[in-house]
Amino acid sequence: MNLEIMKKHDVRSRYNLPHDVVFCKKCTVSNQRPRITFDEHGVCSACNYAEYKRSKINWSDREKELIDLCNKHRKNNGAYDVIVPCSGGKDGSFVAHQLKYKYGMNPLTVTWAPLKATKIGRKNLDNFILSGFDNILGTPNGRVTRRLTELAFKYLGDPFQPFIYGQANFPLQIAVTHNISLIMYGENGEVEYGGDMKNAFRPDREITDHDKHYFSGLPPEFWVDHGVTLADLKPFTAPLYDDVVRNKTTVQFFGYYKFWDPQENFYYCKENTGFVPNTERSEGTYSKYASLDDMIDGFHYYLSYIKFGIGRATSDAAHEIRDGKINREEGVALVKRYDAEFPSKYYKEFLEYCSITDDEVHAVIDSWRSDHIWTRESGDWRLRHPIWSE
Ligand SMILES: [Zn+2]
């Protein structure tokens with residue numbers, strides 16, 4: 001086995017994590033989520049934002065801002081006037097449908113191909129297109145994508161990184177090549193789920209925050225040292241910054257303009273864009289309607305559980321508590337039940353896709369277990385501070 005992948009990572013300094021694990025008083029998230037902050041009452045920034053969103057924001061004023069924005073970008077000559085990044089899932093589909101049918105825009109929807117697509121994900125994308133949308137699917141070279149997935153898993157502890165590159169950069173590329181200046185995403189994850197709050201009170205995001213928020217500080221070009229060429233990386237990279245500026249590109253979040261509620265988006269898309277939930281819950285959590293497109297993403301969530309003690313159920317429960325769908329006690333029970341579940345459903349596909357062995361996978365996983373999160377007791381790994389033992 002490649003010894004380098006077994007080398008223990010200093011997770012705490014890499015992600016700037018506090019030594020003592022503290023959970024939010026209101027939701028299930030802990031202070032181990034990168035960039036999240038807690039107030040003096042022990043409440044996380046995402047919960048405070050959820051409260052602010054309900055009590056302080058005048059949503060009819062925000063809708064007027066949205067209409068102004070649309071009017072500014074509307075083309076009326078048949079040309080596309082907004083790009084909506086959309087996998088066919090409930091969030092992007094909601095945004096595209098609202099912009100087109102409620103606000104009279106002419107969106108071009110763009111999809112960055114999943115690393116390894118699931119049937120249900122593809123079906124939802126097909127249904128979405130059938131419900132009335134133009135779509136461009138960006139599919140990068142399969143050999144390169146596999147190699148990047150393997151590298152990202154081994155060296156970053158996140159096999160999903162190549163997907164995240166394309167998800168952030170492909171819409172920018174299409175914006176520049178099609179001269180469309182407005183890109184509309186769904187929610188600002190940093191603000192809604194906890195992270196950098198500097199954009200909480202503005203509708204857009206600075207392009208220069210890309211590397212920091214989405215790429216763990218490692219842009220696609222990083223991998224040139226690992227036997228991948230610049231040409232291989234082209235589809236994953238951002239367009240030239242000068243071209244982005246010349247195009248007057250602006251990246252906006254729909255969640256700034258309209259009240260954002262993932263479960264309501266699901267009901268909306270079931271009604272309007274042919275969206276169907278999965279027949280079974282996603283591994284590591286209890287939900288059936290979020291992030292269904294990719295066989296690899298279970299490993300992204302699982303590694304987050306390993307690095308931060310924050311698995312998929314923790315994240316789902318946290319936002320459902322903030323959205324008032326469940327209470328904290330129910331959330332804690334769901335975390336206890338599902339957070340640690342290993343994504344075994346597509347494990348065979350994962351091993352094959354990354355050309356990696358089961359032993360190597362476990363060596364990589366263990367290399368990301370930090371002593372402040374994990375302890376080993378009679379051969380088993382245990383969380384030092386599970387939320388249910390508070
Ligand atoms: Zn919270």
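Scroll up for the structure.
The rules behind these values
Residues numbered from 1 in each chain as written. Predicted model: local features only at pLDDT ≥ 70, side-chain atom pairs only at ≥ 80, totals over all residues. Heavy atoms only, no water. Phe/Tyr/Trp six-rings, centres within 6.5 Å; stacked < 30°, edge-to-face > 60°. Helix = DSSP H or I, 4+ residues; strand = E, 2+ residues; numbered from the N terminus. Buried < 20%, exposed > 50% of the residue type's maximum accessible area, 1.4 Å probe, protein only. Lys NZ or Arg CZ within 6 Å of the ring centre and 35° of its normal. Donors = N, O, S within 2.8 Å, 3.2 Å for Na, K, Ca; no water. Tetrahedral: all angles 85-135°; square planar, octahedral: opposite > 155°, others 65-115°.

As for the packing of aromatic side chains
1) Next: Tallied over the entire structure, the rule returns 24 aromatic pairs.
2) Next: Here the aromatic rings of Phe153 and Phe350 are separated by 5.2 Å at their centres, their planes lie at 90 degrees, and the arrangement is edge-to-face. Note that Phe153 is positioned in helix α6 (residues 142-156) and Phe350 in helix α17 (residues 347-353), a separation of 197 residues in sequence. An identical accessibility class is assigned to Phe153 and Phe350; each is buried.
3) Next: Consider the rings of Phe266 and Tyr267, whose centres lie 5.3 Å apart with planes at 45 degrees: the pair is tilted.
4) Next: Among the residues examined, Tyr267 registers a relative accessible area of 40% and is labelled partly exposed.
5) Next: Among the aromatic residues, ring-to-ring pairing joins Phe153, Phe299, Tyr302, Tyr305, Phe342, Tyr347, Phe350 and Trp374 into one connected group.
6) Next: A cation sits over an aromatic face here: Arg146 above Tyr353, 5.8 Å from the ring centre.
7) Next: One cation-aromatic arrangement involves Arg369 over Trp374; the distance from NZ or CZ to the ring centre is 4.5 Å.

A look at the coordination of the zinc ion
1) Next: Ligation of the zinc ion by protein atoms is provided by Cys24 (SG), Cys27 (SG), Cys44 (SG) and Cys47 (SG), these donors lying 2.3 Å from the ion.
2) Next: Around the zinc ion, the 4 donor atoms are arranged such that angles at the metal cover 104 to 114 degrees; this shape is classified as tetrahedral.
3) Next: Counting the intervening residues between successive donors of the zinc ion yields the motif C-x2-C-x16-C-x2-C.
4) Next: For Cys24, a relative accessible area of 0% translates into the label buried.
5) Next: For Cys27, a relative accessible area of 0% gives the class buried.

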